[in-house]
Amino acid sequence: MGLGWMLALTVSGAAAQQVWKCEVGGKVHFSDKPCPQAGQPLSERNLQPNVVEALKPEDVQATLGRASAASAPPAPSGNACPGDGEIRGMEVRANSTTLGDAERQFLQDEVRRVRQCRAGQGRYREADWVISREAQAAQTQLSDRARYDARLRAEAMHSAADPDEGDRIARRRIAEERMQRRQLQLQRRSQNPASSANP
């Protein structure tokens, strides 16, 4: 665009002067000075206005403004968080006795995450909460795998939107894995008492 401005200034200055069509080495050049060899002056009626010259300054400024806005990174916006009514509905579902422990815990965690969002923690978009809502709805499905996968998707979204929450999710998973390993060891020992007696 800077080149366009320079051309506009050059062309507007040249329009008031004589323009020469020069032939040098079989190639045609245009100049504001008489040709050193073969050439001829062009009459004003043969000259067509340059497109850059025809632009109004306000149009150019508007175009420059749009170009710089398009190239600039989007400004950070505030959190998009669910409203009070949705939180109340989430709290009711999170305390349902028809859900399993893992599903109820997940829904309670989602309520806490919404409240953190409302307090300004993390950087959430509306699309993030669509993932959360889908995961919440999936907690009533019959398939254990579907419920688990939906929770993983929501937790991955929360980890990306809120690093503090991501750290909490990672720590909890590590603790759950340790507990599962411990329970498996205890189960094996109870099935094979001889192995626990001889370390």
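Residues numbered from 1 in each chain as written. Predicted model: local features only at pLDDT ≥ 70, side-chain atom pairs only at ≥ 80, totals over all residues. Heavy atoms only, no water.

Observations concerning the overall build of the protein chain
Then, in step 1: Counting its regular elements, the protein chain contains 9 helices and 3 strands.
Then, in step 2: Element order for the protein chain, N to C, with α for helix and β for strand: α-β-β-β-α-α-α-α-α-α-α-α.
Then, in step 3: When burial is assessed residue by residue, the protein chain has 21% of its 199 residues classed as buried.
Then, in step 4: At a minimum sequence separation of 6, the contacts of the protein chain that also span at least 24 residues come to 52%. (Helix = DSSP H or I, 4+ residues; strand = E, 2+ residues; numbered from the N terminus. Buried < 20%, exposed > 50% of the residue type's maximum accessible area, 1.4 Å probe, protein only. Contact = heavy atoms within 4.5 Å.)

Side note on the pairing of strand β1 (residues 19-24)
Then, in step 1: The pairing of β1 with strand β2 (residues 27-31) spans 5 bridges and is classified as antiparallel. If you follow Trp-20 over to β2, its bridge partner there is Ser-31.
Then, in step 2: In textbook terms, the turn of a hairpin is the stretch between consecutive antiparallel strands, and for β1 and β2 this stretch comprises 2 residues, one of which, Gly-25, has a positive phi near 60°. (Pairing = 2+ DSSP bridges.)

Looking at the state of the cysteines
Then, in step 1: For the coordinates displayed, the defined rule picks out 2 disulfides.
Then, in step 2: In this model, Cys-22 is linked to Cys-35 through a disulfide, with the two sulfur atoms separated by 1.9 Å. Across the S-S bond linking Cys-22 and Cys-35, the dihedral sits near -85°, which makes this disulfide left-handed. Of the two residues, Cys-22 is situated in strand β1 and Cys-35 in the loop between β2 and β3 (38-42); the sequence distance between them amounts to 13 residues. Accessibility classification places Cys-22 together with Cys-35 in one group, the buried group.
Then, in step 3: Sequence-ordered numbering of the bonded cysteines in the protein chain yields a pairing of 1-2, 3-4. (Disulfide = S-S within 2.5 Å.)

So, the side chain of Arg-151
Then, in step 1: Residue placement: Arg-151 occurs in helix α7 (residues 144-161).
Then, in step 2: Residue classification places Arg-151 among the buried residues on the basis of a relative accessible area of 12%.
Then, in step 3: Among the polar contacts listed, one links the side chain of Arg-151 to the side chain of Glu-103, at a separation of 3.4 Å. (Polar contact = N/O pair within 3.5 Å; in protein donor to acceptor, adjacent residues only side chain to side chain.)

Some thoughts on the layout of surface pockets
Then, in step 1: The space that makes up the largest pocket amounts to roughly 430 Å³.
Then, in step 2: Taken together, the elements giving at least two residues each to the lining of the largest pocket come down to α5 (101-118), α7 and α8 (163-191).
Then, in step 3: Here the element with the most residues in the lining of the largest pocket is α8; it accounts for 7 residues. (1 Å grid on protein atoms, 1.4 Å probe; cavity = no way out; pocket = protein on both sides within 12 Å on 5 of 7 lines; lining within 4 Å. Points joined across faces, edges and corners; volume = space filled by probe spheres on them.)

As for the packing of α5 against α8
The geometry of a pair of packed helices is captured by two quantities: the angle between their axes and the separation between those axes.
Then, in step 1: α8 packs onto α5 with a crossing angle of 160° between their chain directions and a minimal axis gap of 12 Å. By the angle class used here, α5 and α8 are roughly antiparallel. Pair α5 / α8 crosses with right-handed handedness. Along its contact with α5, which presents Asp-109, Arg-112, Arg-113 and Gln-116, the element α8 presents Glu-165, Arg-168, Ile-169 and Arg-172.
Then, in step 2: Counted by class, the contact of α5 with α8 contains 1 nonpolar, 1 polar and 6 charged residues. (Axes fitted to C-alpha atoms, helices over the stretch in contact; angles between N-to-C directions. Parallel < 35°, antiparallel > 145°, perpendicular 65-115°, else oblique. Left-handed = near helix turned anticlockwise from the far one by under 90°. Nonpolar A, V, L, I, M, F, W, Y, C, P; charged D, E, K, R; others polar.)

Regarding the nonpolar core
Then, in step 1: In this structure, Phe-106, Leu-107, Val-114, Tyr-124, Trp-129 and Ala-135 are the most contacted members of the largest nonpolar core, which totals 17 residues.
Then, in step 2: Within the residue set of this core, elements represented by two or more residues are α4 (84-94), α5, α6 (126-138) and α7.
Then, in step 3: Apart from residues no more than four positions distant in its own chain, Leu-107 is found in contact with Arg-93, Ala-94, Leu-99, Gln-136 and Gln-139. (Core = buried A, V, L, I, M, F, W, Y, C linked by side-chain atoms within 4.5 Å.)

What is shown is where atoms sit, not what they do.
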